[in-house]
Every structure is written in C-alpha cells, then in structure tokens.
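Report on the structure
One letter stands for each residue in the lines below.
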Amino acid sequence: MSRFASIILVLGACLAGAAGGARAQEPFPSRPITLVAPFPPGGVADLTARPVAAALERTLKNPVGVVNKTGAAGAVGMQSVATSKPDGYTLLLALSSISIIPEADKLFGRPPAFTVDQFAPIALISADPTILVVRTESPWKTAKEFIEDASKKPGQISYSSSGIYGTLHMAMELLSHAAGIKLRHVPHSGAGPALTALLGGHVDALASGPAVVLPHIKSGKLRALAGWGESRVAALPDVPTFKELGYPGAEFYIWAGVFAPRGTPEPVLARLREGLRAAVADPDFKAAMDKLETPIVFKQGEEFARFFAADAKRLTDGVRTVGKIEEKK
Amino acid sequence: MAETLQNLALGFGVALAPGVLLYAFVGCLVGTLVGVLPGVGPLAGISLLLPATFGLDATRAIVLLAGIYYGAMYGGSTTSILMRIPGEAASVMTCIDGYEMARRGRAGAALAIAAVGSFVAGTLSVVALMLLAPPLANFALRLGPPENFALLLLGLLVLAYMSGGSMLKSLAMAALGLLLGMVGIDPMSGYFRFAYGVVELGDGIGVVPLAVGLFGLAEVLVTAGKATPPLVQQPRLRELLPSRDEWRQSVGPIGRGTLLGFLIGIIPGSAHIIASFVSYAVERRLSHRPEEFGRGAVAGVAGPESANNAATSGAFVPMLALGVPSGPIPAVMLAALMVHGVSPGPLLIQQAPALFWGFIASMYVGNFMLLILNLPLVGLFVNVLRVPYGLLYPAIVVLCVLGVYAVNGSIVDVWIAVAMGVLGWLLRMLQFETAPIVLGAILAPLLEMSFRQSLAMSDGYYGIFVTRPLAATLLAVGVLLLLLGLRASIARGLDWRERLALAEKGDQS
C-alpha cells in the first residue's frame, strides 16, 4: 500500500471516529487480532503469548495469532505496536523491559524507540518473583550470610545476568541498592547462559525465575537463599522473601502483560479486558501455565495500572542507579 | 555397558513406534528443505515450527525439532556446492571447494561426499553423546569466558591458513569482518554502536544476510558481469558418484571433522560455525597438496561438512545431561520441553528415561533416514546445473531475498544482504576472498563478549587468561599456530623472491 493510500485510510478512520463515537462502524472484534511477542520463540514472552492467544481466541470467538517481531532486546516489536493503528487488532505481550528500554534510551540521550505513554495497559497475565540462587558448595547458607559477606568484601562476589539492564540484572541491582552492598556484574547473552555460568562456577550468584532453577535446586546443585516477591514462592516454602528479611526495596517480578497502542477506544479495551479475564480462567490456559510452572496473576484496569506504575518506578530508578557503566570507574 | 544397551533397546522401542518414526521423518524432511533454502537455517526452521509442536507429546516434539536441526546440516551443503550460496551459515566453508568441484563437473561427487560425511559424523557423535554425555557435560561447564576467549582467538588465528592467496589480503578481510561484527548494542554498557538510529541494527549485522550477500548475490553479479555466459553443464549419471581416489581423500577429513566438531559443539556459548572453519584449516594444514584448497579439494568439503554435523550432536550434550543450553537452538528446544511439562535438568535422564533414550535412538534412525533421503536427491539436485543461467540466476536472487527476509521478517536484513552482495562483487573483482569476512563478523561479538566477561570476572586483571590451565593451554596452542603461520609466510616470501629472480633471468635471456 502506498503512503498516500495509508494517509487516506488514517484520515478516513479519524473522520469515522469523529462522526460518532457511539456508532461503531463494525462490532469489535470482527477480524483476526495479532498479538505481537517482541522476543523469539521459546522465550518467556512467546511461551506466555501462545496460550494467551489460544484462550483469547476461544473467549472472543475470533482468531488471535501470535507474531514474533524480534530485535534489539524487544525494542523492534514494541516500537511496531506503539506506532500501529489503535483499533484493538494489534496487541503487545510485553515484559518488564517495556519500562526499562525507554529509560535506558533516555540515559544514553538517544531518541527513544518508543515511550511507555504510547501504550494502554490492558491486563497483567503472570508475575513471577525472581529468587537468589548460589551453588550448594558455596559458603553462604542464608541470604543474611550472603549480604553480610558482600558488605565485608564489596565488589568481590560476582553474579551473572541475562544482559546489561536486563531483568535479571535489574533484580540484583535493586537488592544491592536496598542492602547497601556492591556486587560484581558479569553480563551474559540470555538467562540460559547466565545459569550455565553459575553452574560452571564462573560466577557466585544469580537472580533467576524460579521455574528455570527448580530442577537444579531439587538435584542438589543450587541453593535458593531468598526471593524478591511479596510472598514466598509456592514451590519453595522454606525460602524467605527479602521483604521478610527487612529489605522491602528488593521487590521484583518477571511479569507478562497485554498492552494496546494508546488511543484504542474504551469500548474495545473493555471488550479485551473482559476477554482476557475469561481467558485466564480457561482450563487449557491454566494447564499450559502450570507446565511452565508460571503462576497466573491477573490484574486489569486500575489495579494493573497501579502495579505497572509501581514496577516502572522501581525499574526506572534502578536504571538510573546503575547509570552509564563507564562513568563508574 | 549392558545397562546402556538395555536403555538403548528401550530407546529404539520408543523411536521405532510408527508415530515417533513419522515425526522423525517429517523433521528430517523439513530440516533438509530448511537447509537447502538459502538463508533459512535451522534456528528459523525450529522457531517457525515450535508452536506447531505444542499439540504433540514431549518425545514427538523433541524428535521433530532435533530432526530439523541435524537435517538442516545435511541440506545446507546442497546450494553451497551447486550455486555457491550457503544454505545455512555453517555451510560457508563448503561453498569454497564444493562449488569449485561443481564447476569441474564433480558436483555429484561433492554432494555424495557431503551426505556420507554428515552421516558418519552424525552417527559417531550420537555414540559419543550416548556414552559420554554426563561426564562431558560437567567438563563443558568448566569452560567459562576465559577458555571461550582463548578458543575463539584460536579460531581467528586459523585464518592464517584459510586463504589460497595472500595472507595480508585474508587478514584485511578478517579485520573488515571484525569491524562489521562491532555494529550493534555494546553487550557490557548498553551503548548502540554504529546503528545510526536504525533500531534493527541494535542486534548487529546478521550472519545470514552477510553470508547470503557475500556469497550468493555476489556470485550472481560476478557471473552476470562476464562477457560470455558460463556453459550449462550436462552432468552424466556415472559422474555422480565419487571416484575411489575421492573416497580415499575423504576418510581422514571425515574422521577428524567429526572429532573436532563434536568437541567444539559441546562448549556452551561457542559458535558451531567455528567447527567447520577449524576443520577446513586443519585439513589444509595436514594436506600434502594444500594448493588444491580453494580449487576444488575433496577434503575441503568432507571435513567441514562432517564437523558441522558432529557439532549438532555435541550441542545436545549440555542440554540433555544438565538442562543448560549451549546455543540458541538448544535453548529453543529446552523451551519446547518445558512447554510439555518436562523440566530439563540434571535429573532428566532418571526422570524421563523413555524420552532421553527415545531421543538418542531417534537420532540414529534420523541420520540413516537422511542418508537415504539425500543420496537419491543428489541425482535430482545436480540437474539444477542444466538450467540455463537466464532462468537460474533470477531464481537464485529471489530465493536469496526470500530466505534473508524469512529469518527475522526484517526488510533491513534484505538491504544488508544487497549491500553485502555489491561489496562481495567488488571484492571478488579485486581478488579478495570473502570467507574471512564472514568468520570475522561471527567471531567479533563472541570474542568481545568473552574477553570482557573474563575481565569482569577478574575485576580487570589480565592474568585470568594464563592462570586458568585450560585457557592457558589453548592460548599456547594459538601462539604456536601463529608462529607456524609466520614461518610459512616467511618461507613463501623466499619463494616469491626466488620467483622474481627467475623471472628477471627470463627477461634477460
């Protein structure tokens, strides 16, 4: 389609919108919906997006397809949804990086790929607190010992992460800030390599989603010290939270939520919220999330907006605390 | 041993069940197609099919996905040999001697040797995977960033042996490749380097657009620029099979390629493509006629093709034994297991023996299937050479563009491929080899990452590279290689002087 034709279409859409807000030209949804996962297949975003799409398809009785638009740590896919037509037919399944990327762009003074304001939050689907793990043969038996030792030897204890400003990095930074300790960061290219580095003894600690490290905790290779959640992880009832231990600032979740471009009409958003609420109650969806050992945490409307705002505040503060790396030395 | 055989019997029971067998076959078939199509490699193929496996059970899903992975390694050689387009990135080395063999009418032989080499390497490395997975995996984990850096440096030094022409020229090309590899997000600080505001460049220049442009599109341009079109070949049936001499020359390279490929494959975070580069360099070094490399040496096809297949099986070692990924493809396969509620980890072999041994057995079956599938296809594929260039070349361009676009659905990638095609054509006109560019571009981000990770681990202390025994050994081997390389270049320098002296004498007489 030529640029001219798209301008005409956009103009047409504006006119139609102006002509009468109540008189929708077609009932929503009446054609296939695209759910964009900004990460490659096999990642958290993709593995959550697919069961969400399948369940939403059943509750809305309308096709919902997942498209992986990957690149630049998710920025490519998020940018494409941010600038797409706000009609409810293009949705985004985002992770917490949606708040981190614009802040990192700001930090480096580059034109942001997108801003958080370009999205309308629809619903939170899942939220999984990270947990702090170390090797079983390491000297730290509890989180308290770990933090005490770290404050005695600043910058000596190392940890791996999924990448600079990535989720696993931010979790650890929030803890460092809350406990007033300094750890040594060794970024890796993804959560898998970060875990490999811990298991191989190349770093001392890792903040990780529970599902990935549970088999290694069960087999006796890793030890969980504490969690970043508001409450304990169901599979690890003996592992305390940092909040219990007196570090309320160390709160962090790996979450997944559905967003639409800002400007999507309220009736459409309402229909989507309703559809998603029914979708998370779908037995097939529950079974799929169970297999991934990811807890479903559903929040919508105001509640999600509050969660999102609080999380974004923690993360943007975290990015600012980390600052630009080379300015530290 | 008896226990292993018993387990294997259990595995074959699973793998030979009609339902599983069917998925192994479909996986191999799709893998071959994915390998044949330029650009679309195993990662893209597996990613595309991953959602389709959600409806299957875990064993079928993993058998299907693994079939695509190693099937692609078989298929990747086809277009490399026939058209000088790497079917997937690991086949870049096969382009060089494979295509030269095809131009001499030995396309059938090259394809057959690639298929048999892949079969031998695939099968032998499954044996190793079966017998040695747990101890090897624990060993592989001990290889951290410093060891990886030493290994990658070794891979780079291998360049000294790669090209047929001037060493200076190939080093210049490698440097260009390293520069291209610097584009993208700085992994340690988050800076965008050389991205010029293009968000897509944040991930750097992809290997696929680079390789397809430099090899496939450049080859089309070079041929189109010739005054007379190349002759259309008429391959005859009896020329399809390798001669006895060609077989003899392939045995050693296949064996060494298998060993090298498997060992490089098990290392987490290494690039499997390095296996084929290193194998090529080793064969050239060991050959009695190194000058034949680049002009259609059989060993230059047999070694790298075996190595990339063995690396595939090697990559499964850390994944199956410990549940940790050794690269992006095993990572996707681990996700596939998690979707089915199988938690991959050190306990997988005990907890899901039917899955583990069924998977192992299906790899034996799959490799056999691929051999049967690919050998008859040799006869079919060489007929591509009969197609007149006026029809074949536009089709190649279309395939290249489609393949590059399909990987990420990114039009930026297509433009990169086009630019690389022009660059490749220019360089070919100026007698530069383009393979070192690909190697440099692949190694640069890995080399940088492991170097800076090592220094982050040691808080900036460079001694970390020599105080760790494995890293130190690898670096020592690298220095040795470099010295050997220098000796060769000094020797060549003498040759050149002698030649010049002879030429001058000739002028006087």
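So, a few notes on the structure that sits alongside this text. (Residues numbered from 1 in each chain as written. Chains lettered and ligands numbered in written order. Predicted model: local features only at pLDDT ≥ 70, side-chain atom pairs only at ≥ 80, totals over all residues. Heavy atoms only, no water.)

A look at the packing of helix 1 (residues 2-15) of chain B against helix 15 (residues 353-381) of chain B
All names here are of chain B.
- Direction vectors running N to C along helix 1 and helix 15 enclose 75 degrees, while the axes themselves pass 7 Å from each other. In terms of axis orientation, helix 1 runs roughly perpendicular to helix 15. Two secondary-structure elements touch here, helix 1 through Thr4, Asn7, Leu8, Leu10, Gly11, Phe12, Val14 and Ala15 and helix 15 through Pro353, Ala354, Trp357, Gly358, Ile360, Ala361, Ser362, Tyr364 and Val365.
- In the contact of helix 1 with helix 15, the residues fall into 12 nonpolar, five polar and no charged. (Axes fitted to C-alpha atoms, helices over the stretch in contact; angles between N-to-C directions. Helix = DSSP H or I, 4+ residues; strand = E, 2+ residues; numbered from the N terminus. Parallel < 35°, antiparallel > 145°, perpendicular 65-115°, else oblique. Contact = heavy atoms within 4.5 Å. Nonpolar A, V, L, I, M, F, W, Y, C, P; charged D, E, K, R; others polar.)

Comments concerning empty space enclosed by the protein
All names here are of chain B.
- Counting across every chain of the model gives five cavities of 30 Å³ or more.
- Taken as a whole, the largest cavity spans an internal volume of roughly 80 Å³.
- Taken together, Tyr74, Ser77, Thr78, Leu111, Ala114, Ala115, Asn374, Val378 and Phe381 form the lining of the largest cavity.
- At the level of elements, helix 4 (58-83), helix 6 (107-141) and helix 15 are the ones that each hand at least two residues to the lining of the largest cavity.
- Here the lining of the largest cavity is composed, by residue class, of six nonpolar, three polar and no charged. (1 Å grid on protein atoms, 1.4 Å probe; cavity = no way out; pocket = protein on both sides within 12 Å on 5 of 7 lines; lining within 4 Å. Points joined across faces, edges and corners; volume = space filled by probe spheres on them.)

Concerning the sheet that holds strand 11 (residues 296-300) of chain A
Residues and elements named next belong to chain A.
- Judged by pairing direction, the sheet is mixed, and its six strands sit side by side in the order 2-1-3-10-4-11 without closing on themselves. The outermost strands of the open sheet, each flanked by one partner alone, are strand 2 (64-68) and strand 11. Neighbour-to-neighbour, the strand axes of the sheet open up by a mean angle of 25 degrees, direction not taken into account.
- Inspection of the sheet shows strand 4 (residues 119-129) paired to strand 10 (residues 253-261) by nine bridges, in the antiparallel sense. When the bridges of strand 10 are listed, Pro121 appears paired with Phe259.
- With respect to the sheet, helix 2 (residues 44-60) is in contact with strand 1 (33-37), strand 2, strand 3 (90-95), strand 4 and strand 10, its orientation differing from that of strand 2 by roughly 165 degrees. (Pairing = 2+ DSSP bridges.)

What to know about the sheet that holds strand 6 (residues 158-161) of chain A
Residues and elements named next belong to chain A.
- The sheet built from five strands is open, its strands ordered 7-6-8-5-9 with mixed pairing. The open sheet is flanked by strand 7 (184-187) and strand 9 (222-227), the only strands paired with a single partner. With strand direction ignored, the average angle separating the axes of adjacent strands in the sheet is 30 degrees.
- Bridging between strand 5 (residues 131-135) and strand 8 (residues 205-208) involves four bridges; their strand directions are antiparallel. Within the sheet, the bridge partner assigned to Leu132 lies in strand 8 and is Ala207.
- Relative to strand 9, helix 5 (residues 143-152) is tilted by about 85 degrees, and along the sheet it contacts strand 5, strand 8 and strand 9.

Looking at the interface of chain B and chain A
- Each side of the interface is counted separately: chain B has 46 residues, and chain A has 43 residues.
- Carbon and sulfur atoms supply 66% of the area buried between chain B and chain A, which totals about 3,300 Å² over both sides.
- Summed over the shared surface of chain B and chain A, the result is one salt bridge.
- With a closest N to O distance of 3.8 Å, Arg184(A) and Asp459(B) form a salt bridge.
- Here chain B and chain A share seven residue pairs in polar contact (both at pLDDT 80 or more) between them.
- Of the residues in the side of chain B that touches chain A, the class split is 26 nonpolar, 14 polar and six charged. (Buried area = accessible area lost by both parts, 1.4 Å probe. Salt bridge = Lys/Arg side-chain N within 4 Å of Asp/Glu carboxyl O. Polar contact = N/O pair within 3.5 Å; in protein donor to acceptor, adjacent residues only side chain to side chain.)

A short note on the nonpolar core
- In this structure, Phe146(A), Trp228(A), Phe316(B) and Met333(B) are the most contacted members of the largest nonpolar core, which totals 166 residues.
- Not counting the four nearest positions on each side in its chain, Met333(B) is found in contact with Ile46(B), Ile62(B), Leu65(B), Ala66(B), Tyr69(B), Phe316(B) and Met319(B).
- Ranked by size, the runner-up nonpolar core spans 61 residues in total, among them Ala45(A), Ile122(A), Tyr253(A) and Val339(B). (Core = buried A, V, L, I, M, F, W, Y, C linked by side-chain atoms within 4.5 Å. Buried < 20%, exposed > 50% of the residue type's maximum accessible area, 1.4 Å probe, protein only.)

Points about the side chain of Ser276(B)
All names here are of chain B.
- Here Ser276 lies in helix 11 (residues 273-286).
- Given the relative accessible area of 1%, Ser276 is considered buried.
- Those residues in contact with Ser276 that sit more than four places away from it in its chain are Ala90, Met93, Pro304 and Ala307.

Considering helix 7 (residues 191-199) of chain A
- Among the residues of helix 7 of chain A, Ala194(A), Leu195(A), Thr196(A), Ala197(A), Leu198(A) and Leu199(A) are the ones counted as buried.
- Of the surrounding elements, those touching the buried residues of helix 7 of chain A are strand 5, strand 6, strand 8, helix 8 (210-218) and strand 9 of chain A together with helix 6 of chain B.

Brief notes about a nonpolar patch on the surface
Residues and elements named next belong to chain B.
- Taken together, the side chains of Leu221, Tyr405, Ile411, Trp415, Val418, Val422, Trp425, Leu426, Met429 and Leu430 present a nonpolar region at the surface, about 950 Å² in accessible area.
- At seven residues, the largest contribution of residues to the nonpolar patch is made by helix 17 (residues 411-429).
- Among the secondary structure elements, Leu430 is positioned in the loop between helix 17 and helix 18 (435-457). (Patch = residues over 30% accessible without salt bridge, like charges linked within 9 Å, V, L, I, M, F, W, Y side chains within 5 Å. Areas by Shrake-Rupley, 256 points an atom, 1.4 Å probe, with all protein chains shown as cover.)

Things to note about the packing of aromatic side chains
- Under the definition given, this model contains 26 aromatic pairs over all chains.
- Between Phe108(A) and Tyr165(A), the aromatic rings sit 6.2 Å apart at their centres with planes inclined by 75 degrees, giving edge-to-face as the arrangement. With a gap of 57 residues between them, Phe108(A) in the loop between helix 4 (97-107) and strand 4 and Tyr165(A) in the loop between strand 6 and helix 6 (167-179) connect regions that are remote in the sequence.
- Ring plane angle 5 degrees and centroid distance 5.7 Å describe the contact between Phe451(B) and Phe465(B), whose orientation is recorded as stacked. Of this pair, Phe451(B) sits in helix 18 while Phe465(B) is found in helix 19 (residues 464-467), placing the two residues 14 residues apart along the sequence.
- Relative accessible area serves as the criterion here: at 6%, Phe465(B) is assigned to the buried category. (Phe/Tyr/Trp six-rings, centres within 6.5 Å; stacked < 30°, edge-to-face > 60°.)

A look at the environment of Asp128(A)
Residue and element names in this part refer to chain A.
- You can see Asp128 is positioned in strand 4.
- Asp128 sits in the buried class, given a relative accessible area of 9%.
- C-alpha of Asp128 to C-alpha of Ala211: the two residues are 83 residues apart in sequence and 9.1 Å apart in space.
- With residues up to four places along the chain from it excluded, the contact list for Asp128 reads Pro210, Phe252, Tyr253, Ile254, Glu293, Thr294 and Pro295.

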